[in-house]
Amino acid sequence: CYDDSQPLEKLLVFTPQIVVGPYCLNRTDSFTRCVYQSGRKEHFLFVKHSYEIRPVSELKQNSRSLHVGGVEKADLDLNGFQPRLLVSTRENVIASLCPETGELMWRQVFESGSRGDIKLMQISSTSTASDNTAAARISSSHGFDMLTVQGHNPALIRGWNSNMGLSEWEWSLMPLQSGRAIDSFWFYSKSMLYHVLPIWQSHLEVTQYFASSGQPLGNTAKIAASWIDKEKCTLSGIYYTCLEKQQLVTLDLTADQPKIMYVDLENVPAYPLKNLEGASGVLIVDKKLVAIKNDIPVCKSLLSQSYIVGNYKKEKIIVNADVKDKILYIQSYSLESCEPLAQFSSSLSYPEHLGIPSLKAFDCKSSRNSNDENCLFIFDTTDDSIVAVRQSKILWIRSEALANVVSAEFVDLPLTDNEGVLENEMKGKAADIMSAFLHRITSQIMHVKSLLLHVIGLGPKPSDTQRAGLVRDAFGLHKMLVLLTKSGKIFGIDNISGKHHWQYFLHNVENFANDQEMRLLVQRTSKHFPLSALCTVVAKNKLTENGVLLRFNPITGQTSEGGLLQLTYKVKQLTLLTETDNDFVKGLLIIDADDRVHVYPEYATKKADGIYMFTAQKDQATLNGFFVQYENKELTTLPLWNVDLSGHNGDHKIISLASKNPLERVHSQGRVMPDRSVLYKYINPNLVAVFTLAKDDVHKFLMYVYLIDVVSGSVVFTMMHRKVRPPLHAVHSENWLAYAYYNDKVRRVEITTIELYEGKTQANSTVWSSLNAPPLPLVERQIGTSKGSILELPWYLLDPRRPIASKTSGREEGAVPYVPELPILTDNIINYNQTISRLRYIHTAPSGLESTCLVVAAGLDIFVTRIAPSKTFDLLKEDFDYFLISIVLIVLVSSSFIAKHFASRKILKQAWK
């Protein structure tokens, strides 16, 4: 780097004491001007071009992709020394993005839920002329560069350095009534911070604070307002407006003596009120602009779904955006005269995989040498994407829907045409050996012919998937990662390169009731050449609350087998059938709210006969079992059993259920004991773990664990934990159950493991039946603690048969002595130093390579890698020295030939003696 205050020949050397900010760089002819901070002093530098800009959404194996979530508020500045895009998101994150590339410069992740809810983000540069006292130098303790208010109990007010993302000062406010404080809101005006606490149907409590110190100014003012309603009110600058029948009722919250202002509307609005960003006292009512005072300028003739107000050369500009016939139209007008401004307007093709856009920020960069206006528009979409548009082109897109992944599947890639033909040949059965031999020779001749045609350029063209590199590898490590997100967007991502091959957006869908997420199911894999893979997404329609079904090809993202289907009923329960027809499609069985049965595709209806299913009501803590039978060419459900886990007072609620993976394989049927006998596992595929929680006056919380056979409805095992509470995470497999929870008594996270055994004799070694009253199992259990990143924890550390007193009793079984603290080895942390914020989802899938599986971990960020739980013993390491071993082999082979030559000459000489 070169200091701009010194000759360019002077080279600056960075030391560990210098904090280098992650700035968005401005290119010049041959150097890039940037800035770094050392202590309280800023230095301006020129950096020689030697870096490479990566794509915004890059997710490679053994790496993570960072996200911030859907944008709630944005501030864009292109004319300052450092161009920046500051955002606050619905995921309680504040961040700075590079306006040119969309790269994440820095971010601060707050607590999830209401504790980290961002109530206000105020930028000093966007303050009015009378608010100039708010602006402050970087690293100054007076004023602020950026201010945020988060949470309500307590409310945390922080001043930030917006270039570095560092907190410079902080003060807090503890509410007197925490239950009501959750509805409070804040706004900034004339160097003062206003805290407003609405008491619905009663009054408003307004308190003023000095923004940087938290010192209150005067007493809390109570404004009588019996007409305020949570669903009908909004804040627009300093004005609080509510809808009362066909009238807008407004209060100026900064006035010493607030007066009620009324505005009559032509009709009762069909949509909730929205404030116009960038303007105080202007509302969006049914796509029209309405001013609450006559002296506030507004363009009443405009009709749009999205508006924003900004400044350009001391002139107020209003911009609106709409999508019509897959074209995004951006129109600009002068706020004073309402005349259109053609230089700020544009239109462009709008991708189908994006949701409805909403303008969040815009700015135009002034140019001294040209009259052309270089404007950048920032959009937030209903699919949780951030879109930047400049000069009628999309500059970049950030897919922030990936911050909320609800389901994931690894799908095998298809074979090439030649490999598919060969695999079908190996699967087929020939009539005799001679015909099989002739068929094999013919196939080889066809393969050679195809190879020659490809060499001379006359062969058939490769398919789209082959051109994209989506071909199965030898070990099955290269797969398509299909991700389903909370917004209804589906992604097809290459798990090796991280490339987004396709995207599909389901409009107006959401998760199911009862806290059940949307489902992503694989009905047919890619192993059945030439049939393509088939996946299905099942969700709930936001408008009708009925089910939505989408069937698509996970490799190409194109809809298939009927595509999008809007169901006419509500989904109560669903599952995949185990048997398939000649097309290898597993039928999807759905039970609706009236307990009627539906199967997709319909020709698989007969396959559903004899299926056992169950439903769970979390709030009532009840489970119901059903039997599906096929009679008179239709499916019906027969209720079998009911289990009530609500307790004596009916206050128990189900907090989690853990069932076994229907595709899992049992490692072994038993465990060898020290006396050489076998302790057989209790392997019940119909066993489900149910967790309930209830409040208690003595122990605060009581958590019950039930193991229930969902075919017969019998309770196999139950236990209780005192003074424990969520978050709860459980894994249920084979004959064991492991679950983690928070212990309030000792204030730590604990892991409990349970193993079930039949005993020294096995009731049935071939087929398990829940209807033949199997014997109750023997239960082994222990407890330990754990915390950390994504940790690959060996099972022997959680083995319930670990001896407690004796250190030698479990030695012959291979069980280590019990210790209450679980060691966290850094070598077992699979995400290394790449922390995953708000980790909430982990999905694994097997590969074709022995002892190797693929892992995707999702939260606010996404991390993809592959691991070998049993270690790789028959593979060379990635850092293996091929050059050295090649030299050694060449020397050994050469030496053997030389030694052979001399040995033969020696034998010949001895023969002539």
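To start, this report covers the structure provided alongside it. Predicted model, so just to flag it, every value in this text is computed and none were measured.

Reading guide: rules and limits
- Residues numbered from 1 in each chain as written.
- Predicted model: local features only at pLDDT ≥ 70, side-chain atom pairs only at ≥ 80, totals over all residues.
- Heavy atoms only, no water.
- Helix = DSSP H or I, 4+ residues; strand = E, 2+ residues; numbered from the N terminus.
- Contact = heavy atoms within 4.5 Å.
- Areas by Shrake-Rupley, 256 points an atom, 1.4 Å probe, with all protein chains shown as cover.
- Patch = residues over 30% accessible without salt bridge, like charges linked within 9 Å, V, L, I, M, F, W, Y side chains within 5 Å.
- Salt bridge = Lys/Arg side-chain N within 4 Å of Asp/Glu carboxyl O.
- Buried < 20%, exposed > 50% of the residue type's maximum accessible area, 1.4 Å probe, protein only.
- Pairing = 2+ DSSP bridges.
- Axes fitted to C-alpha atoms, helices over the stretch in contact; angles between N-to-C directions.
- Lys, Arg positive; Asp, Glu negative; His and termini not counted.
- Charge placed at Lys NZ, Arg CZ, Asp CG, Glu CD.
- Phe/Tyr/Trp six-rings, centres within 6.5 Å; stacked < 30°, edge-to-face > 60°.
- Expected span 1.5 Å × (residues − 1).
- Disulfide = S-S within 2.5 Å.
- Core = buried A, V, L, I, M, F, W, Y, C linked by side-chain atoms within 4.5 Å.
- Polar contact = N/O pair within 3.5 Å; in protein donor to acceptor, adjacent residues only side chain to side chain.
- 1 Å grid on protein atoms, 1.4 Å probe; cavity = no way out; pocket = protein on both sides within 12 Å on 5 of 7 lines; lining within 4 Å.
- Points joined across faces, edges and corners; volume = space filled by probe spheres on them.
- Nonpolar A, V, L, I, M, F, W, Y, C, P; charged D, E, K, R; others polar.

A look at the overall build of the chain
- Within the chain one finds five helices and 60 strands.
- In the chain, the share of contacts with a sequence separation of at least 24, taken over all contacts with a separation of at least 6, comes to 50%.
- Surface accessibility of the chain: about 48500 Å² in total, with carbon and sulfur atoms responsible for 53%.

Here's the deal with a nonpolar patch on the surface
- A surface patch of nonpolar side chains, about 740 Å² in accessible area, is lined by Leu876, Phe880, Tyr882, Leu884, Ile885, Val888, Leu889 and Leu892.
- Relative to the assigned elements, leucine 884 resides in helix α5 (residues 882-912).
- With relative accessibility at 49%, the residue leucine 884 sits in the partly exposed group.

Focus: the sheet that holds strand β6 (residues 71-77)
- Within the open sheet, the four strands sit side by side as β6-β7-β8-β9. Their pairing is antiparallel. Pairing within the sheet leaves two strands with one partner each, and these edge strands are β6 and β9 (104-109). When the angles between neighbouring strand axes are averaged without regard to direction, this sheet yields 15°.
- Of the pairings in the sheet, the one linking β6 to strand β7 (residues 84-89) comprises six bridges and is antiparallel in character. Its bridge partner being in β7, leucine 76 is matched across the sheet by leucine 85.

So, the pairing of strand β32 (residues 393-399)
- Pairing geometry for strand β31 (residues 385-390) and β32, over six bridges, is antiparallel. Counterpart to serine 385 in the pairing with β32 is serine 399.

Topic: the sheet that holds strand β13 (residues 166-173)
- On the basis of which strands lie adjacent, the open sheet formed by four strands has the order β10-β11-β12-β13 and antiparallel pairing. Looking along the sheet, the strands with just one partner apiece sit at the ends: β10 (118-123) and β13. Going across the sheet, the axis of each strand differs from the next one's by a mean of 15°, ignoring polarity.
- Here strand β12 (residues 155-161) runs beside β13; their pairing, made up of seven bridges, is antiparallel. Looking across to β13, one finds that tryptophan 160 is bridged to serine 167.

Overview of a positive patch on the surface
- There is a patch of like positive charges on the surface, built from Arg905, Lys906, Lys909 and Lys913.
- Following the sequence through the fold, lysine 909 ends up in helix α5.

With respect to the pattern of salt bridges
- Throughout the structure, instances matching the rule amount to 24 salt bridges.
- For arginine 398, the salt bridge goes to glutamate 400, with nearest N and O atoms at 2.7 Å. Of the two residues examined, arginine 398 and glutamate 400, each falls in the buried class.
- Between aspartate 581 and lysine 607 there is a salt bridge, with its nearest N and O atoms 3.5 Å apart. One end of the pair, aspartate 581, is in the loop between β42 (571-580) and β43 (586-592); the other, lysine 607, is in the loop between β44 (597-600) and β45 (611-617), and 26 residues separate them in sequence.
- Using a relative accessible area of 28% as the deciding quantity, one classes lysine 607 as partly exposed.
- Residues participating in the shared-partner salt-bridge network are Arg90, Asp380 and Asp384.

Observations concerning unusual backbone geometry
- With an omega of 5°, the peptide bond running from phenylalanine 529 to proline 530 counts as cis.
- Residue proline 727 is bonded to the preceding proline 726 through a cis peptide linkage, with omega at 10°.
- Mapped onto the elements of the fold, proline 727 is located in strand β54 (residues 724-733).
- Even without being a glycine, aspartate 384 presents a positive backbone phi close to 65°.
- Secondary-structure assignment places aspartate 384 in the loop between β30 (374-381) and β31.
- Of note, glutamine 391 is a non-glycine position whose phi angle comes to about 50°, a positive value.
- Its place among the elements puts glutamine 391 in the loop between β31 and β32.
- Using a relative accessible area of 57% as the deciding quantity, one classes glutamine 391 as exposed.

Considering the packing of aromatic side chains
- Applying the stated criterion across every chain yields a total of 13 aromatic pairs.
- Taking the centre distance of 4.7 Å and the plane angle of 5° together, the rings of phenylalanine 187 and tyrosine 194 count as stacked. Neither phenylalanine 187 nor tyrosine 194 differs from the other in exposure class; each is buried.
- Note on tyrosine 704 and tyrosine 706: the rings are 6.2 Å apart at their centroids and 20° apart in plane angle, and the pair reads as stacked.
- Feature note: the residues Trp171, Trp186 and Tyr209 constitute an aromatic cluster, connected by ring pairs.

Let's talk about the environment of glutamate 579
- By the element assignment, glutamate 579 lies in strand β42.
- Classification of glutamate 579 by relative accessible area gives partly exposed; the value is 47%.
- Linking glutamate 579 and alanine 608, residues 29 residues apart in sequence, is a C-alpha distance of 8.6 Å.
- Discounting residues that sit within four places of it in the chain, glutamate 579 has contacts with Val585, Lys586 and Lys607.

Here we look at helix α3 (residues 433-455)
- Between its first and last C-alpha, α3 extends 33 Å over 23 residues, near the 33 Å set by a 1.5 Å rise per residue.
- Just downstream of α3 lies glycine 457, where phi reads positive at about 85°.

Topic: the state of the cysteines
- A complete count under the given rule lists three disulfides for this structure.
- Paired by a disulfide, cysteine 299 and cysteine 338 hold their sulfur atoms 2.2 Å apart. Negative torsions about the S-S bond denote left-handed disulfides, and the value of about -105° found for cysteine 299 with cysteine 338 makes this one left-handed. Of the two residues, cysteine 299 is situated in the loop between β24 (288-291) and β25 (307-312) and cysteine 338 in the loop between β27 (327-334) and β28 (346-349); the sequence distance between them amounts to 39 residues.
- Residue class for cysteine 338 comes out partly exposed when judged on its relative accessible area of 29%.
- Here cysteine 364 engages in a disulfide with cysteine 375; their sulfurs sit 1.9 Å apart. In this structure, the disulfide formed by cysteine 364 and cysteine 375 twists by about 100° around the S-S bond and is classed as right-handed. In this pair, cysteine 364 sits in strand β29 (residues 357-365) while cysteine 375 sits in strand β30, placing the two residues eleven residues apart along the sequence. In this structure, cysteine 364 and cysteine 375 share a single accessibility class: buried.

Here's the deal with the nonpolar core
- By size, the foremost hydrophobic cluster in this structure holds 45 residues, and its most contacted members are Tyr240, Leu248, Leu253, Leu276, Leu289 and Ile318.
- With 21 residues, the next largest nonpolar core counts Trp502, Met518, Leu520 and Val548 among its residues.

Description of the side chain of lysine 660
- By secondary structure assignment, the location of lysine 660 is in the loop between β48 (653-659) and β49 (670-672).
- Buried and without a salt bridge, lysine 660 has glutamate 664 as its closest oppositely charged side chain, separated by 5.2 Å.
- There is a polar contact of 2.8 Å between the side chain of lysine 660 and the backbone oxygen of asparagine 684.
- Within the local environment of lysine 660, its side chain forms a polar contact with the backbone oxygen of glutamate 734, the two atoms lying 2.4 Å apart.
- Contacts of lysine 660, omitting those with residues within four sequence positions, involve Ile683, Asn684, Pro685, Leu687, His732, Ser733 and Glu734.

A word on α5
- Its 31 residues give α5 an end-to-end C-alpha distance of 45 Å, which sits within 8% of 45 Å, the value for a rise of 1.5 Å per residue.
- Measuring from the backbone nitrogen of phenylalanine 883 back to the side-chain oxygen at the start of α5 gives 3.3 Å, which picks out aspartate 881 as the cap.

Here we look at empty space enclosed by the protein
- Considering all chains together, one arrives at three cavities of 30 Å³ or more under this definition.
- When its volume is computed, the second largest cavity comes out at roughly 50 Å³.
- Lining of the second largest cavity is provided by Gly151, His152, Ala155, Leu173, Met174, Pro175, Ala181, Ser184, Trp186 and His195.
- Partitioned by chemical class, the residues of the lining of the second largest cavity number six nonpolar, four polar and no charged.

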